[in-house]
Amino acid sequence: MNIKLDGFYGYDEMIEAIRILADAYPDLVEVSSIGTSFEGRDLPLLIISSKEKKHDQKPAYYMQANVHSNEAEGTTVCLYFAQKICSDPQYRDLLNDMAFYIVPRVNPDGAELAVKQKYVVRSRATVHYVKDHIIPKDINGDGKILKMRIRCDDGNMKPHPDDPRYMVPRKSDDTEGPFYKVYTEGIIHDYSGGEFYNPQSTVVDFNRNYPVYWQPNNPLAGKYPLSEQEIKSVADFLLSRPNIFAGIDIHNGSNAVFRPGSLPDDFYDKEDLELMKKVGNAISEATGIPYLVSGYRYETEPLISGYGGTSDEFVHFMLGISFYSMELGNGFNQMGRNTIDMVMTKDFYKNNDKYVLELLKFHDERGTEFFYPWTEFDHPQIGKVEIGGITTANAYGLSFPNDTVPPKAFEGLIRHAMMCPRFVFENMKKEHLEGNLYRITGTLTNKGMLPANGMIASKGRSAKTPVEISLAEPKGGRLVGGMNKTILKSDVKPGEKISFEWFVLSDKESSWIVTARHTKSIGAEAMV
């Protein structure tokens, strides 16, 4: 399967790409759905794992993408990841040990608007049919919903003097036009013939709708936690899969790897904070994307409000797994502007016009989509208008092809996945004492980078599942002393060694099997 890099996947294209992948690797890929969207589209789930052992009996890495309508590059990365991990033989052993759960598009309705019609909503916008307000619609038949502008002396917008394609707010002392009013392309509902207005709508950000530290005073957070059925489907799936040990939520935006951080640091366990930093820096090193805290801030900076109800907080506190958000970047990053210099210094916000003008030139040089020429059209209600303008539907100005991001993202994702807790038995011995009495000793070590039982998340985490170390008796053998046949440990942290000792009655030739199991960890077995 060739991954599409010259534009974003439409819904039908994505479904077809998934079918091709499943047909090519029937021994590795299972396709399912975690639910449906508001408009009835499936939220596809790819389960990737070798079939020798059931996927739900292995630790699993989870990834999801395209929560926000115009951030569809995450879908491309998910499909790229699935294709590469199936086709590259070096990952076959990894697929024997663990499973991957991939939801490449959480918001198919919003993405279809952005990809097909270039109309951008945050996640979902319910437009209200209010008198003299615009209902977004493709009125000129070009398949897109762009902007429309009307030239008028009292307009509040004007073309930028250095590039008239770019509309900027009119200043209070501006007297030299031309001036315009700029609207969303569409039809005016119940038009009275006079002044009219941009759409009235209720906008929801799916990534503020999760039920951990949900903020009722945030207008983007939804009516109540999990009010949006797509996010409820995500939550239901995650809660039904206790084998998930780590995961990622993939977005666009100025590129960064974010750890959970919408709350003050004293809400997080100190060990968790240290581990989040260690893991985040490792992902950053693999991708070249800076490691930051949610909201584009450093760990030493004060909290930024408005980020409650996010996926990373939900997964951290409810599931206790190692979870990050990855911003893949935008057109500004693509043309050479980095997040630290652009966003962290606030220069992007102070001098936004400078960046947009640079981006227009960048697209001109590459001959790619960012600006649609202002074109006259006879609107059926208000007469002469111009339709066109800049679009942010391509992830805030990405130019295609964008073939460098998916491979870099893959390296970060696979590094995170390979941090899976992995049990290893060391120094296993069966020592003869006298007669048919033997002493079995050894240690269990976690060779992974993550604890077996995940993050501590002490402020809200539910009860944990213990690590189980078991001794299996051979025929005729009997445990007579030392530890219990089954040992339960609340956790085995990276590098930690758990020692054990059993006294058994056994024939010299009999073999005893010791196993270590945990739902989020790669298990181990030793024979002595």
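Relevant structure appears above.
Remember, it's a predicted structure, so these values are computed and weren't measured experimentally. (Residues numbered from 1 in each chain as written. Predicted model: local features only at pLDDT ≥ 70, side-chain atom pairs only at ≥ 80, totals over all residues. Heavy atoms only, no water.)

Chemist: Lay out empty space enclosed by the protein with the relevant residues and their values.
Modeler: Per the counting criterion, the structure on display carries one cavity of 30 Å³ or more. By volume, the largest cavity amounts to about 40 Å³. Of the residues that constitute the lining of the largest cavity, the class distribution is three nonpolar, three polar and two charged. (1 Å grid on protein atoms, 1.4 Å probe; cavity = no way out; pocket = protein on both sides within 12 Å on 5 of 7 lines; lining within 4 Å. Points joined across faces, edges and corners; volume = space filled by probe spheres on them. Nonpolar A, V, L, I, M, F, W, Y, C, P; charged D, E, K, R; others polar.)

Chemist: Let's hear about the side chain of S510: which residues, and what values?
Modeler: Relative to the elements of secondary structure, S510 occurs in the loop between β24 (497-505) and β25 (513-517). Relative accessible area serves as the criterion here: at 15%, S510 is assigned to the buried category. Those residues in contact with S510 that sit more than four places away from it in its chain are K430, P474 and V528. (Helix = DSSP H or I, 4+ residues; strand = E, 2+ residues; numbered from the N terminus. Buried < 20%, exposed > 50% of the residue type's maximum accessible area, 1.4 Å probe, protein only. Contact = heavy atoms within 4.5 Å.)

Chemist: Can you break down the layout of surface pockets residue by residue, with the values?
Modeler: Volume-wise, the largest pocket comes out at about 820 Å³. Residue lining of the largest pocket: 33 residues in total, with V120, K147, I390, T391 and T392 positioned closest to the centre. Listed by contribution, the elements that provide at least two residues to the lining of the largest pocket are β5 (124-128), β9 (163-169), β10 (180-184), β12 (200-204), α11 (352-366) and β18 (383-390). When its volume is computed, the second largest pocket comes out at roughly 660 Å³.

Chemist: How would you sum up the sheet that holds β25? Please name residues and give values.
Modeler: Consider a sheet: its strands pair through backbone hydrogen bonds, and that pairing is either parallel or antiparallel. Reading across from one edge, β23-β21-β25-β26 is the order of the four strands in this open sheet, with antiparallel pairing throughout. The sheet is open, and its two borders are formed by β23 (486-489) and β26 (524-527), each paired with just one other strand. Averaged over all adjacent pairs, the angle separating strand axes in this sheet is 10°, with direction ignored. (Pairing = 2+ DSSP bridges. Axes fitted to C-alpha atoms, helices over the stretch in contact; angles between N-to-C directions.)

Chemist: Summarise the pattern of salt bridges; cite the residues concerned and give the values.
Modeler: Counted according to the given criterion, the structure contains 34 salt bridges. For R422, the salt bridge is made with D97, and the minimal N-O distance between the two is 3.2 Å. On the criterion of sequence distance, the pair formed by R422 in the loop between α12 (405-417) and β19 (423-434) and D97 in helix α3 (residues 92-97) is long-range, its members being 325 residues apart. Under the relative-accessibility criterion, D97 is labelled partly exposed at 26%. For E426, the salt bridge is made with K497, and the minimal N-O distance between the two is 2.6 Å. Residue E426 is located in strand β19, and its partner K497 is located in strand β24; the two are separated by 71 residues in the primary sequence. (Salt bridge = Lys/Arg side-chain N within 4 Å of Asp/Glu carboxyl O.)

Chemist: Account for α11, naming residues and giving values.
Modeler: A rise of 1.5 Å per residue sets the reference length of α11, with its 15 residues, at 21 Å; its end C-alpha atoms lie 21 Å apart and thus fit the reference within 8%. Along α11, the residues classified as buried are Y355, V356, L357, L359, L360, F362 and H363. (Expected span 1.5 Å × (residues − 1).)

Chemist: Tell me about the pairing of strand β16 (residues 322-329), and name the residues and values.
Modeler: Of all eight residues making up β16, eight are buried, and the element is well covered by its neighbours. In the sheet, strand β13 (residues 244-251) pairs with β16 via six bridges, with the strands oriented parallel. Within β16, the position partnered with A246 by the bridge is S322. Strand direction decides the pairing type here: strand β14 (residues 253-259) and β16, joined by four bridges, are antiparallel. From the neighbouring strand, F258 faces β16, where its bridge partner is S325.

Chemist: Tell me about the sheet that holds β19, and name the residues and values.
Modeler: What the four strands build is an open sheet, ordered β19-β20-β24-β22; its pairing is antiparallel. Each of the sheet's edge strands pairs with one partner strand only, and the pair in question is β19 and β22 (478-482). Strand after strand, the sheet turns through a mean of 30° between neighbouring axes, direction not considered. The pairing of strand β20 (residues 437-446) with β24 spans nine bridges and is antiparallel. Along β24, the bridge assignment pairs L437 with L505.

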